[in-house]
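Survey of secondary and tertiary structure
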Amino acid sequence: MMKIRRAVVMGSGVMGAQIAAVLAAAGVRVHVLDLASNEPPKSLPKELQKDPRLPKILEKNFRSARSILAIEGLKYLRPSPLFSPSHLQNIIPGNFDDDMSVLADADWVIEAVIEKLDIKKDLHKRMAAVVRPGVPVTTNTSGISLVSICEGLPEHYQAAFFGTHFFNPPRYMRLLEVIAHPGTDRNLMDALSKWIDHRLGKGLVEALDTVNFIANRIGVFANQVTLKHMADLNLNIETVDAITGKLMGRPSSATFRTMDVVGLDTFVHVANNTYDKAPDDPFREVFKSPQWVLDLIKDGKLGQKTADTGCFKKSADAAGKRVILAYRPDTKTYEPQVVAPIAWIDEASKIADLGQRFAFIFKQTDPAATFIWRIMRDVWSYSALLLDSIAAGDPRRVDEAIRWGFNWEMGPFELWQNLGIDAITERMKKEGAKLPAWLKPGKTFYTDAKPARTPTFLAHSKVVLDSKSASLRDLGDGVACFEFHTKMNALDSVLMETLRNSIAAVSKNFDALVIGNDADNFSAGANLKEIVGLIQKGEFNTIDTFIREFQGTLQMLKFAPFPSVSCPRGLVLGGGCETALHATLRVAGGETYAGLVEAGVGLIPAGGGTKELALRAYDYASMAERGDPMQFLQRAFLLIGMAKVSTSGHDACEMGLLPHASTLITLSKDHQISQAKHEALNMVRRGYIPAQPRAAVTVVGDPGIQTFRLMLYNMVEGRMISPHDALIATKMATVLCGGEVDAGSVISEQDFLDIERRVFVELCREKKTQERIEHMLKTGSALRN
């Protein structure tokens, strides 16, 4: 594996600074250089004016003001480009005049300056004089020819030069297009690609050196052709967005909200790039943007970055309530939204399978269905016509680029084959659609030997134990994997029983256990409907038994004779978080949104989550002479009481939820389970010694509970929380403090669990808790909370 320890990003614009943030999260020390300034800035952006340190820093280092401001600005961007604010210390500002020498020590140099060929060529000429031979130098251009950028540069520099096109925002967008030119050293490009795959977790797609590469070429075409057919069918902006979002397997921001977020000027720039630089494009005229879009840009109405005024406009009605108005191109005004009625849309939205949903839509004959058909017809036509020239004839490159770069549920070729290539092609031909000569009857884009999606590491494994809620798989080398597969990977009684059976099977036939899955979310928590059903029947003894079994299962996991590694990623909430906490080790994804959120539904974590945070607090206090556990218990109290959810895997550790010492972070979703297997085997090789239940923990007891009560009383009096919130928090404090016992009493780990369970059942009996749970289930807000 190539080693990337130092990197330099040339350019501190929106993309440059955010690429640096991703590299810093992977442990790389990054220098960010930009144009030198001759004096300190006369004013600061509003959000940066809050930092009293900044004026002095800028006064001392004014020549690097551009990169300093860009790096500091990362803290205020939303969604946050930083996995953790602590990563800023790994990003060092500089400028092109004074700091070019840092390129000589770099293991990777990324150019991310403005999209102007002359500027890029001049900068690369300067870079070539400093960068060591054999060090990859890449450009983040979104569509300028690589040949033209590196023309005339030394041969060794050209060999190390290729494209790495990150998508915006780099932290969240999985796609990274890799582009070679004829002189690129393929071995070097492949080595860096492997590092990017493993360490940054990007979905790599190799594109040819053509205008706008793959994703922007197809994705922006889809946007432009949407504008064309919108005008042809006389649809308004809000109706188009109601159609082109989730209904079509695309992001909920659909067409015009996406344009507003990205910026109308950015979309038009990319479209113009194709129009200007691809004179032979089969749909060239489509890339001419409508006049009304050009007028909005001319008027400075670019979307989110211009006071939220673009295709939509945030405003307020007569009562002061926020409303979002839609632009009317014919009158050049913003008006209240009026979505055209679509008779079949509710029925279509209920069809979970995207292919079946499109098949249903294509049977309809109204303007909305016609609109969808025409968009897809032209996208299929365009993708097929360009397949050889932009993707070397490989449909998977196009599908992955569109799925990862534009967040479509299915790429164009995958969807086409799902619906039946011949049937769709026949309808296209009848309407005179342009199609390539190679598209013959019986053609397939994918086969069993070459599927549309690369099988995952987990998919290659054999199932050894199965139920409707979970499976145990054999990963090889003596390691098994327990996989959830309920809706949102919610925990239910069947899943818990399967986990118990799996622990027994691993004890007998394996050396270690991984807990993870291929879904976007590790687990959204316990299935609340099961609890509600028992509450409604008044079966509180059954609830007690259910919680006892849940606790017992996770204790079995914690004290099993083999090591276990959990793989939290995505939503890791409630019982899902408790499951992750009871493993020996965690390999957490960078995008981990974890929290013990039960307080949001009027309960407390009772699968051992409260107990785990309490034990950790007492452990921390014991490390100091006469250490006071209360300051650590207060941290746990706030984490649980405020139902805090982490913003990343790094944040989950820093906020005190996941234990630092036994949690590793990976940015790669594809390699998370294989890395967990590796860590499990390491523990086996070292000679794993199982943990033992804690027999004696000295607790703060009732005086600690009273301290929390006083704080809660003041919060209720100050109307900061409700009396019911205070009740929940008091019950939680009871667990953390070890129950209503004298200070200095000694209790066991099992005692903590018994208090947890007792308190949970007591809260289930509370009418306010029952009302809160039922309301959240009715409104679908349980997950959001």
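Relevant structure appears above.
Remember, it's a predicted structure, so these values are computed and weren't measured experimentally. (Residues numbered from 1 in each chain as written. Predicted model: local features only at pLDDT ≥ 70, side-chain atom pairs only at ≥ 80, totals over all residues. Heavy atoms only, no water.)

Within the protein chain, the regular secondary structure consists of 30 helices and 22 strands. What you see for the protein chain is a C-alpha radius of gyration of 29 Å, in line with the 28 Å of a compact globule of 785 residues. Across its three principal directions, the C-alpha atoms of the protein chain cover 80 × 65 × 65 Å. For the protein chain, buried positions account for 55% of its 785 residues. Relative to all contacts within the protein chain whose residues are 6 or more apart in sequence, the contacts with residues 24 or more apart total 71%. In the structure as shown, the protein chain presents an accessible area of about 33,800 Å², 52% of it carried by carbon and sulfur atoms. Between the averaged position of the 92 positive side-chain charges in the protein chain and that of its 90 negative side-chain charges there is a distance of 1 Å. (Helix = DSSP H or I, 4+ residues; strand = E, 2+ residues; numbered from the N terminus. Rg over C-alpha atoms; globule rule 2.2 N^0.38 Å. Buried < 20%, exposed > 50% of the residue type's maximum accessible area, 1.4 Å probe, protein only. Contact = heavy atoms within 4.5 Å. Areas by Shrake-Rupley, 256 points an atom, 1.4 Å probe, with all protein chains shown as cover. Lys, Arg positive; Asp, Glu negative; His and termini not counted. Charge placed at Lys NZ, Arg CZ, Asp CG, Glu CD.)

Turning our eyes to something else, we now look at the pairing of strand β10 (residues 322–328). Sheet analysis places strand β9 (residues 312–316) next to β10, joined by five bridges and oriented antiparallel. Bridge assignment links Phe-312 to a residue of β10, and that residue is Ala-326. Where β9 hands over to β10, the hairpin turn is made up of five residues, of which Gly-320 adopts a positive phi near 85 degrees. Where β10 meets strand β11 (residues 333–335), three bridges bridge the pair, whose relative direction is antiparallel. Looking at the pairing, Arg-328 lines up with Thr-333 of β11. Taking the residues between adjacent antiparallel strands as the criterion, β10 and β11 are bridged by four residues, where Lys-332 takes a positive phi near 60 degrees. (Pairing = 2+ DSSP bridges.)

Applying the stated criterion across every chain yields a total of 44 salt bridges. Between Glu-762 and Lys-731 there is a salt bridge; the shortest N-O distance is 2.7 Å. Remark: Lys-731 occurs in helix α28 (residues 723–736) and Glu-762 occurs in helix α29 (residues 749–764); sequence separation between them is 31 residues. Using a relative accessible area of 27% as the deciding quantity, one classes Glu-762 as partly exposed. Among the ionic contacts, a cluster of salt bridges with common partners joins Asp-51, Arg-53, Glu-72 and Lys-75. (Salt bridge = Lys/Arg side-chain N within 4 Å of Asp/Glu carboxyl O.)

Take the environment of Leu-188 next. Of note, Leu-188 is situated in helix α7 (residues 186–200). Between the C-alpha atom of Leu-188 and that of Met-2, which follows or precedes it by 186 residues, the distance is 9.2 Å.

Moving on, we get to unusual backbone geometry. Backbone geometry follows two general trends: most residues other than glycine have a negative phi, and most peptide bonds adopt the trans configuration. Between Arg-78 and the following residue, Pro-79, the backbone shows a cis peptide bond with an omega angle of 0 degrees. Summarising the element assignment, Pro-79 is placed in the loop between α3 (65–73) and β3 (91–95). Asn-168 connects to Pro-169 through a cis peptide bond whose omega is 0 degrees. One non-glycine residue, Asn-234, adopts positive backbone phi at about 60 degrees. With respect to the secondary-structure elements, Asn-234 resides in the loop between α8 (215–232) and α9 (237–243).

Across its 25 residues, helix α15 (residues 367–391) extends 33 Å between first and last C-alpha, which sits within 8% of the 36 Å expected from 1.5 Å per residue. The largest bend along α15 measures about 45 degrees and falls at Leu-385. Where burial is concerned, most of α15 is hidden: 19 out of the 25 residues are buried. Taken from the residues just after α15, Ala-392 is the one with a positive phi, measuring 55 degrees. (Expected span 1.5 Å × (residues − 1). Bend = angle between axes of the 7 residues up to and from the residue.)

Here Thr-610 lies in helix α23 (residues 609–622). On the basis of relative accessibility, which here comes to 0%, the residue Thr-610 falls in the buried class.

Turning our attention to α8. In this model α8 runs 26 Å from its N-terminal to its C-terminal C-alpha over 18 residues, within 8% of the 26 Å that 1.5 Å per residue would give. Among the 18 residues in α8, 15 count as buried, and that is most of the element. Of the residues one or two after α8, Asn-234 is the one with positive phi, at around 60 degrees.

Another point: the sheet that holds strand β2 (residues 29–34). Two modes of strand pairing occur in sheets, parallel and antiparallel, and in both the strands are linked by backbone hydrogen bonds. An order of β3-β2-β1-β4-β5-β6-β7-β8 is seen for the eight strands of this open sheet, with the pairing classed as mixed. Edge strands, defined here as strands with exactly one partner in the open sheet, are β3 and β8 (203–207). Pairwise comparison of adjacent strand axes, ignoring direction, gives a mean angle of 25 degrees for this sheet. Sheet topology note: the strand β4 (residues 108–111)/strand β5 (residues 137–139) ladder contains three bridges and is parallel. The residue bridging Ile-110 from the neighbouring strand is Thr-138, located in β5. Contacts from helix α1 (residues 14–25) reach β1 (6–10), β2, β3, β4 and β6 (161–166), with the element oriented near 170 degrees to β1. (Axes fitted to C-alpha atoms, helices over the stretch in contact; angles between N-to-C directions.)

The subject of this paragraph is the environment of Phe-540. Looking at the secondary structure, you find Phe-540 in helix α21 (residues 540–558). C-alpha of Phe-540 to C-alpha of Glu-762: the two residues are 222 residues apart in sequence and 8.9 Å apart in space. In this view, Phe-540 contacts Ile-535, Val-761, Cys-764, Arg-765 and Gln-770; residues no more than four positions away in its chain are not counted.

Looking now at the packing of α15 against helix α17 (residues 412–419). Contact geometry for α15 and α17: axes closest at 10 Å, N-to-C directions at 115 degrees. The two elements α15 and α17 cross, and the hand of that crossing is left-handed. In contact with Met-376, Val-379, Trp-380, Ser-383, Ala-384 and Leu-387 of α15, α17 contributes Pro-412, Phe-413, Leu-415, Trp-416 and Leu-419. The class makeup of the residues in the contact of α15 with α17 is 10 nonpolar, one polar and no charged. (Left-handed = near helix turned anticlockwise from the far one by under 90°. Nonpolar A, V, L, I, M, F, W, Y, C, P; charged D, E, K, R; others polar.)

Looking now at the packing of aromatic side chains. Taken as a whole and assessed by the stated rule, the structure comprises 23 aromatic pairs. Plain terms: the ring middles of Phe-221 and Phe-287 are 6.0 Å apart, the flat faces sit at 45 degrees to each other, and that makes the pair tilted. Pair noted here: Phe-221 is in helix α8 and Phe-287 is in the loop between α11 (264–277) and α12 (291–298), with a separation of 66 residues, a long-range link. An identical accessibility class is assigned to Phe-221 and Phe-287; each is buried. An angle of 10 degrees between the planes, with centres 4.0 Å apart, marks the rings of Phe-221 and Tyr-382 as stacked. With Phe-221 in helix α8 and Tyr-382 in helix α15, the pair connects residues that are 161 residues apart, well separated along the chain. Like Phe-221, the residue Tyr-382 is buried in the burial classification. Taking NZ or CZ as reference, Arg-250 lies 3.8 Å from the ring centre of Trp-408, over its face. Stacked on the ring of Phe-362, the Lys or Arg Arg-427 has its end atom at 5.9 Å from the ring centre. (Phe/Tyr/Trp six-rings, centres within 6.5 Å; stacked < 30°, edge-to-face > 60°. Lys NZ or Arg CZ within 6 Å of the ring centre and 35° of its normal.)

What follows is about the state of the cysteines. Counted under the stated rule, the structure contains zero disulfides. No disulfide involves Cys-481; its sulfur sits 6.7 Å from that of Cys-567, the nearest cysteine. With no disulfide of its own, Cys-577 lies 11 Å from the sulfur of Cys-653, the closest cysteine sulfur. With relative accessibility at 0%, the residue Cys-577 sits in the buried group. (Disulfide = S-S within 2.5 Å.)

Function cannot be inferred from these measures alone, as they are strictly geometric.
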